[in-house]
Number of protein chains: 2
Amino acid sequence: MADSIKIIIAEDQAMLLGAVATLLDLESDFEVVAKAKDGETALSLCAQHHPDVLLTDIEMPGMSGIELAEQLQKNGFTAKIMILTTFARSGYLRRAMDAGVRGYLLKDAPSEELAEAIRKVISGRKVIDPELVMEAFDEADPLSEKERKTLKLAADGLTTEQIADKLFLSKGTVRNYLSSASAKLNAQNRIEAARIARQRGWL
Amino acid sequence: MADSIKIIIAEDQAMLLGAVATLLDLESDFEVVAKAKDGETALSLCAQHHPDVLLTDIEMPGMSGIELAEQLQKNGFTAKIMILTTFARSGYLRRAMDAGVRGYLLKDAPSEELAEAIRKVISGRKVIDPELVMEAFDEADPLSEKERKTLKLAADGLTTEQIADKLFLSKGTVRNYLSSASAKLNAQNRIEAARIARQRGWL
DNA sequence: ACTTTAAGGTGACATTTGTCATTTTCTGTC
DNA sequence: GACAGAAAATGACAAATGTCACCTTAAAGT
């Protein structure tokens, strides 16, 4: 088809990648020209095919979908980028928007909406999952870089001392950071703090 | 179609549910008669439609896919049950087999294999993802029921005392369980123990 | 009836963690 | 060089956690 919309899909879960590709290919005005299972592959496939739309997951091995979007934008690609991801995380949305992403959908959304969303984006509109719009209004990440780093390591089960060694800080400082992180998140200890931070996409 | 294979799909992620359903419906010998987004719904839809195959995810809100399989087996349903899940976890596989599951596939597998796997199961064979077969040979879950329960709550950030209250045990006993769980998993504290257990699918 | 065994509990102790006030060190800026 | 602010460290204390040896109780065998 001469004027069909050319689509590239990037998604690391093979089953979903294949199923969504089939789904979109059924639409007579769409044509899935390539499939990628990671960001790097998607990038080179974009250079090769110059698609109208790139539909990408965020969490993938190697280059994430957001980094991919940033690269494409920097290199002046005209493809309209759409994110299709699992969780509603306000942090991601902001970065995605900054990278010129035009659509942000959740895997929780019914599959019937996907094709329609793509057509909306092609016609110049932006599409953001309603769930996300809500999230975007709530609190921003209150953690400092150090708090985030210590918390991430603590969540892996490292002791205060091991964290201190790894980050070249003293034990006391690490405990201070973890303590203030817990306070900010209203958690009663580092474990709960890590859980909360992770749930909100801050970790 | 009179003798087409009737399929019910249970999967909480709407996008995958819809896409896979479309994919299978394209096969001329298949017919997706119902879709469910949780175990309870799937159970009642099975009673209503008596499908030939139930394709289900494991992790779903409410009743898990494994519990669903156990229920169906107990109630004497003849539907062949197939699991389609994200991670290769040896613990799950054993329980699934005990519940009479005939197929165990990973979402990492290419979508093209799905239809073929279903036909194999219908013809009486069992289908287990090769990845899983490997996993099945490694170590079994060493945790006792109590160790697992305490660990699960600890992983949410509950204190020893809160866990004790919730499980009607003394603080000392809870600490004993957590301590022995850590020992079994070679972890240096409850946080690391929980992380390890979760990674191996024992939590 | 007499072990055995497992689940649960106790007490003691060392270590780690959480909290907070205070101090030191490092930076940029005027 | 002096000063304000941030980042990092310190010290002290209470509380929580990890470990271990040992006790109690209630089945389950024999």
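Residues numbered from 1 in each chain as written. Chains lettered and ligands numbered in written order. Predicted model: local features only at pLDDT ≥ 70, side-chain atom pairs only at ≥ 80, totals over all residues. Heavy atoms only, no water.

## Digging into the relation of the copies chain A and chain B
Then step 1. Mapping chain A onto chain B calls for a rotation angle of 180° and an axial translation of 0.2 Å; the resulting RMSD is 1.1 Å. Taken together, the rotation angle and the small translation identify this as a two-fold axis. Of every C-alpha in chain A, the one belonging to Ala19 of chain A sits nearest the axis of rotation, 2.5 Å from it.
Then step 2. Take the interface residues of chain A: 100% of them recur as interface residues in chain B, which is what a same-surface contact looks like. (Least-squares fit on C-alpha atoms with pLDDT ≥ 70 in both. Contact = heavy atoms within 4.5 Å.)

## Some points on the environment of Leu178 of chain A
Residue and element names in this part refer to chain A.
Then step 1. By the secondary structure assignment, Leu178 is in helix α9 (residues 171-185).
Then step 2. Counting along the chain gives 24 residues from Leu178 to Ala154, while the straight-line C-alpha distance between them is 8.5 Å.
Then step 3. Sequence-distant contacts of Leu178, that is, excluding residues within four places in its chain, are made with Thr150, Leu151, Ala154, Ile163 and Arg190. (Helix = DSSP H or I, 4+ residues; strand = E, 2+ residues; numbered from the N terminus.)

## Observations regarding the environment of Ala187 of chain A
Then step 1. By the element assignment, Ala187 of chain A lies in the loop between α9 and α10 (190-199).
Then step 2. When neighbours within four sequence positions are excluded, Ala187 of chain A is seen to be in contact with Ser182, Glu192, Ala193 and Ile196 of chain A.

## Considerations on the sheet that holds strand β6 (residues 127-128) of chain B
Strands pair in a sheet through their backbones, by hydrogen bonds, and they do so in one of two ways: parallel or antiparallel.
Residues and elements named next belong to chain B.
Then step 1. Overall, parallel pairing links the six strands, which are arranged β2-β1-β3-β4-β5-β6 in an open sheet. Unpaired on one side and paired on the other, β2 (30-36) and β6 mark the two borders of the sheet.
Then step 2. Note that strand β1 (residues 5-10) and strand β3 (residues 53-56) share four bridges and pair parallel. By the bridge assignment, Ile8 is partnered in β3 with Leu54.
Then step 3. Against the sheet, helix α2 (residues 39-49) touches β1, β2 and β3, its axis set at about 140° to β2.
Then step 4. Lying on the sheet, helix α5 (residues 112-122) is in contact with β1, β2, β3, β4 (80-85), β5 (103-106) and β6; it crosses β4 at an angle near 155°. (Pairing = 2+ DSSP bridges. Axes fitted to C-alpha atoms, helices over the stretch in contact; angles between N-to-C directions.)

## So, the domain arrangement of chain A
Then step 1. Each domain of chain A was delimited in the assignment, giving domain 1 (5-133) and domain 2 (145-199).
Then step 2. The distance between the C-alpha centroids of domain 1 of chain A and domain 2 of chain A comes to 34 Å. (Domains from an automatic or database assignment.)

## What about the interface of chain A and chain B?
Then step 1. In this complex, chain A contributes 35 residues to the contact, which on the side of chain B involves 35 residues.
Then step 2. The largest contributions to the chain A side of the interface with chain B come from Gln13, Met15 and Ile191 of chain A, which together make up 26% of the buried area.
Then step 3. Where chain A touches chain B, the interface holds four salt bridges.
Then step 4. A salt bridge links Arg195 of chain A to Asp156 of chain B; its shortest N-O distance comes to 3.9 Å. (Buried area = accessible area lost by both parts, 1.4 Å probe. Salt bridge = Lys/Arg side-chain N within 4 Å of Asp/Glu carboxyl O.)

## Looking at the pairing of β1 of chain B
All names here are of chain B.
Then step 1. Within β1, five of the six residues are buried, which leaves the element mostly enclosed by the surrounding structure.
Then step 2. In this sheet, β2 lies alongside β1 in parallel orientation, the contact comprising six bridges. Among the inter-strand pairings, Ala10 is bridged to a residue of β2, identified as Ala36.
Then step 3. Viewed along the sheet, the connection from β1 through helix α1 (residues 14-25) into β2 turns out right-handed. (Buried < 20%, exposed > 50% of the residue type's maximum accessible area, 1.4 Å probe, protein only. Right-handed = clockwise from strand over helix to strand, strands pointing away.)

## Observations concerning the packing of α9 of chain A against α10 of chain A
Residue and element names in this part refer to chain A.
Then step 1. Close contact between α9 and α10 brings their axes to 9 Å; oriented N to C, the two are set at 55°. In terms of axis orientation, α9 runs oblique to α10. Crossing handedness for the pair α9 and α10: left-handed. Residues Leu178, Ser182 and Leu185 of α9 form the contact with α10, whose participating residues are Arg190, Ala193, Ile196 and Ala197.
Then step 2. Looking at side-chain class alone, the contact of α9 with α10 contains five nonpolar, one polar and one charged residues. (Parallel < 35°, antiparallel > 145°, perpendicular 65-115°, else oblique. Left-handed = near helix turned anticlockwise from the far one by under 90°. Nonpolar A, V, L, I, M, F, W, Y, C, P; charged D, E, K, R; others polar.)

## Comments concerning the protein's contact with DNA strand D
Then step 1. In the region of DNA strand D, 14 residues are neighbours, and Lys146 and Tyr177 of chain A together with Thr160, Arg175 and Arg190 of chain B sit closest.
Then step 2. Near the protein, within 4 Å, the atoms of DNA strand D are sugar or phosphate in 58% of cases.
Then step 3. Separating a base oxygen of DNA strand D from a side-chain N or O atom of Asn176 of chain A is a distance of 3.1 Å.
Then step 4. Within the side chain of Arg190 of chain B, a nitrogen or oxygen atom sits 2.6 Å from a phosphate oxygen of DNA strand D. (Near = heavy atom within 4 Å. Polar contact = N/O pair within 3.5 Å; in protein donor to acceptor, adjacent residues only side chain to side chain.)

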